[in-house]
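Coordinate inspection notes
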Amino acid sequence: MPKIGMEPIRREALVKATIAEIGAAGSLDVTVSQIAKRAGMSSALAHHYFGGKEQIFVAAMRRILADFAAEVRAELATVQMPDRAAAIIRACFAPSCFTPQTISAWMTFYVLAQTNDQALRLWRIYQSRIRSNLTHALRPVARDPQGAANTLSALIDGLYIRAALNNPDTPEIAARHALAVLDSLKEAQS
């Protein structure tokens, strides 16, 4: 007989194990069996909860995006309008969002989005939200807030790619790079 209330706990364990396994492998080259073993359960149970490897990866990315959204909300709660773009950038490079495991998960997410409709949908939602939030935050300080938001969004992705390629940037260094570009964009457009 199944244990009541265990499903959310086991799903959470599988999501965390997926992020850890992707981080250890640095790619999508992990199996459901490896994920399940790290989570302390059978691969059959992992398949029961998620259906397959791609669904587990999408669930892990949903978790990462939810954690990122929480970081953004926390940063935005501490600032007023002219500093909102900087707050979004700081959230992008918060230590919880810029761990090696999370960076590897982002890279595998980009790869998965090329072939998986659910992952592509999540990626489009993420891109739309970050651009929209940055555009809104940049309206008071930039002549072309949408263009500046697109530049910053591309820079953020690029800093994650650099980190995935073993560039030794810390979250603080990556944030400083992006904040310097933000300052340059504001100066150029004011």
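Use the structure listed above.
Before going into details, it helps to say that this report is about the structure given with it. What you are looking at is a predicted structure, and each value in this text was computed from that prediction instead of being measured.

Comments concerning helix H6 (residues 100-112)
Counted at 1.5 Å a residue, the expected span for H6 with its 13 residues is 18 Å, and the 18 Å between its end C-alpha atoms agrees. Across the 13 residues that make up H6, a large majority, 10, are buried. Every buried residue of H6 is listed here: Thr-102, Ile-103, Ser-104, Ala-105, Trp-106, Met-107, Thr-108, Phe-109, Tyr-110 and Leu-112. The inward-facing, buried residues of H6 abut helix H1 (6-25), helix H4 (53-76), helix H7 (117-138) and helix H8 (145-164).

Digging into the layout of surface pockets
Computed from the structure, the largest pocket encloses a volume of approximately 300 Å³. If you list the elements that add at least two residues to the lining of the largest pocket, you get H4 and H7. No other element matches the 7 residues that H4 contributes to the lining of the largest pocket. A class-by-class count of the residues in the lining of the largest pocket yields 10 nonpolar, 1 polar and 2 charged.

As for the pattern of salt bridges
According to the stated counting rule, one finds 6 salt bridges in the structure shown. With a shortest N-O distance of 4.0 Å, Arg-63 and Asp-67 are connected by a salt bridge. Here the residue Arg-63 and the residue Asp-67 both occupy positions in helix H4, the gap between them amounting to 4 residues, near one helical turn. Glu-75 serves as the salt-bridge partner of Arg-90, at 3.1 Å between the closest nitrogen and oxygen. In this pair, Arg-90 sits in helix H5 (residues 84-92) while Glu-75 sits in helix H4, placing the two residues 15 residues apart along the sequence. By relative accessible area, Arg-90 is classed as partly exposed at 31%.

Cut-offs applied
- Residues numbered from 1 in each chain as written.
- Predicted model: local features only at pLDDT ≥ 70, side-chain atom pairs only at ≥ 80, totals over all residues.
- Heavy atoms only, no water.
- Helix = DSSP H or I, 4+ residues; strand = E, 2+ residues; numbered from the N terminus.
- Expected span 1.5 Å × (residues − 1).
- Buried < 20%, exposed > 50% of the residue type's maximum accessible area, 1.4 Å probe, protein only.
- Contact = heavy atoms within 4.5 Å.
- 1 Å grid on protein atoms, 1.4 Å probe; cavity = no way out; pocket = protein on both sides within 12 Å on 5 of 7 lines; lining within 4 Å.
- Points joined across faces, edges and corners; volume = space filled by probe spheres on them.
- Nonpolar A, V, L, I, M, F, W, Y, C, P; charged D, E, K, R; others polar.
- Salt bridge = Lys/Arg side-chain N within 4 Å of Asp/Glu carboxyl O.

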